[in-house]
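Tertiary structure, described
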Amino acid sequence: MNSKKDEGKQRNTKGRFRLRELVYHNTFVFVCSLITAVVGWFVMAAGSDRNGSYVVQNVPVNISLSARAEEEGLRVFNASYDTVDIEVSGSSSITRALTAEDFEVSVTLNPTSTKLTGNTTQKLSAQVKCVKRNAVSDYDIVSVSPEEITLEYDRFKETALKIEPDLTYTAATGFYPGTPVLSVEQVKVSGPESAVNKAVRAAVSYNAADPLREFGEWHCPLRLFDQDSQELADLESLYLTTDVEEVQVTVPVTPKKTVPLQVTTAHAPSSFSSSRITISPEAIELTGSAETLGTVTEIRLDTIIDFAELDLDQRSASYTMEIPVPAGTKDITNPGSNTLSQATVTVNLNGYRTNTVTVPESNVQLLNAPTGSLEAQLSSRSLEVVLAGPEAQVSKLTGDSVTVQVDMSNMEVRAGMMEAPATVAISGSAGEACWVLGAYTVTLAIQDVRTQSVSSQMGSEAALAAAPPAA
């Protein structure tokens, strides 16, 4: 009896082991999963034709202008929304396949008045229009969100502004910073007319911390300013655009040198004090390459002051002279304004007087007089000369203190009377303080010696013929 019970238990145990093995068998699991999937597909397919709502999101909005708005030159610069959401209803198999490309959404700027007032953009609320774009139309458009879009509009304007350098920099000692050079000289500003009108000045700014010893180069952002010199900082909010955002600024730096001015005199006595001749300015500043500046030690004014032409009736003589700036250099004496081009030279004649003397014939010399058939002789026996100098010294001079020389070496000499230039000088130590005023000539009589001999001989013969015979 016990053996029969044992056999029954063994059979039950084998049955449980077979069911457990079947559940964990791969083939059994695969078949069950396949059956479940097929049933699920049929269930979903059965419900797929049911109607429902679906939202197509982020559909782009096209903005257009009415004919009147186009004629007035209006332009939309901003819209409160650039996309909308569209709710549709219909068969789920159709609505869930819809995308933004299946719709055409638009708003039109059509203001009741095109008159623009104020200094800001105008605003208008426009109704959103939505239509189906493709042939699949077995669905309905339930709603569009938002239904209205606010448009900001104005006339379009473009203007050009010169870019001004607003820079702060210095040059190290012995160097000169030149005029800044901008990579771009002007900028085009475009956008709403009301905003463009606010931009009256364009500039680039930079503050160099250290003195410059060589050229400076900086990349500076462009800045716009209104008529009150307030910066238009947020261009995006004003819907302004520029064709330049950054400008490269280059500042050339070259060596500089202070160079004295000098004046040239003629016929000045050796003891005439240089302190009596003043030049304003005394010196100018030059800039250029180090090599060029190294060759410049002074600048000599072009005009010569001739003491023989001074007017001693005046206490001083003043001259305005051009300053010859050496080639390869630049005058930077007055940076930021017109550079100096002229200097004023003043000769102090206070205490100087004139004295007119008569030079005797004995003090007049003919140098390199003609020889041969021609002979030169003074036509006058004396020459009046005007002398100048310190009153105490010039008043003591006489004609004997003066020598006159007439050099005939380069003269074309013919028989007759002629004027010859004379060199007049003060002899002795008096010439160190005094000088001769004016230019002088002497009259010479040029005679043909041969003609004179013939005339003398004929006169002698005539005298003999006229004499009475001897008794």
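Residues numbered from 1 in each chain as written. Predicted model: local features only at pLDDT ≥ 70, side-chain atom pairs only at ≥ 80, totals over all residues. Heavy atoms only, no water.

Strand order in this open sheet of three strands is S17-S22-S20, and the pairing throughout is antiparallel. With partners counted over all chains shown, the strands left at the sheet margins are strand S17 (277–280) and strand S20 (316–322), one partner each. The average undirected angle you get between the axes of adjacent strands in this sheet is 20°. Where S20 lies against strand S22 (residues 342–348), seven bridges are found, and the strand directions are antiparallel. Paired with Ala317 across the strands is Val347, a residue of S22. (Pairing = 2+ DSSP bridges. Helix = DSSP H or I, 4+ residues; strand = E, 2+ residues; numbered from the N terminus. Axes fitted to C-alpha atoms, helices over the stretch in contact; angles between N-to-C directions.)

To continue, consider the pairing of strand S26 (residues 382–390). As judged from the nine bridges shared by strand S23 (residues 352–360) and S26, these two strands associate in the antiparallel manner. Along S26, the bridge assignment pairs Arg353 with Gly389. Bridge count between S26 and strand S29 (residues 435–437): three bridges; the pairing is antiparallel. Counted as the bridge partner of Leu387 is Val436 from S29.

In any sheet, the strands associate via hydrogen bonds between backbone groups, in a parallel or an antiparallel arrangement. The strand order across the open sheet built from five strands is S24-S27-S28-S30-S25, with neighbouring strands paired in mixed fashion. Both outer strands of the open sheet, strand S24 (364–367) and strand S25 (374–378), are each paired with one neighbouring strand and no more. The average undirected angle you get between the axes of adjacent strands in this sheet is 35°. Sheet analysis places S25 next to strand S30 (residues 440–448), joined by five bridges and oriented antiparallel. In the sheet register, Leu374 faces S30, and the bridge partner there is Asp448.

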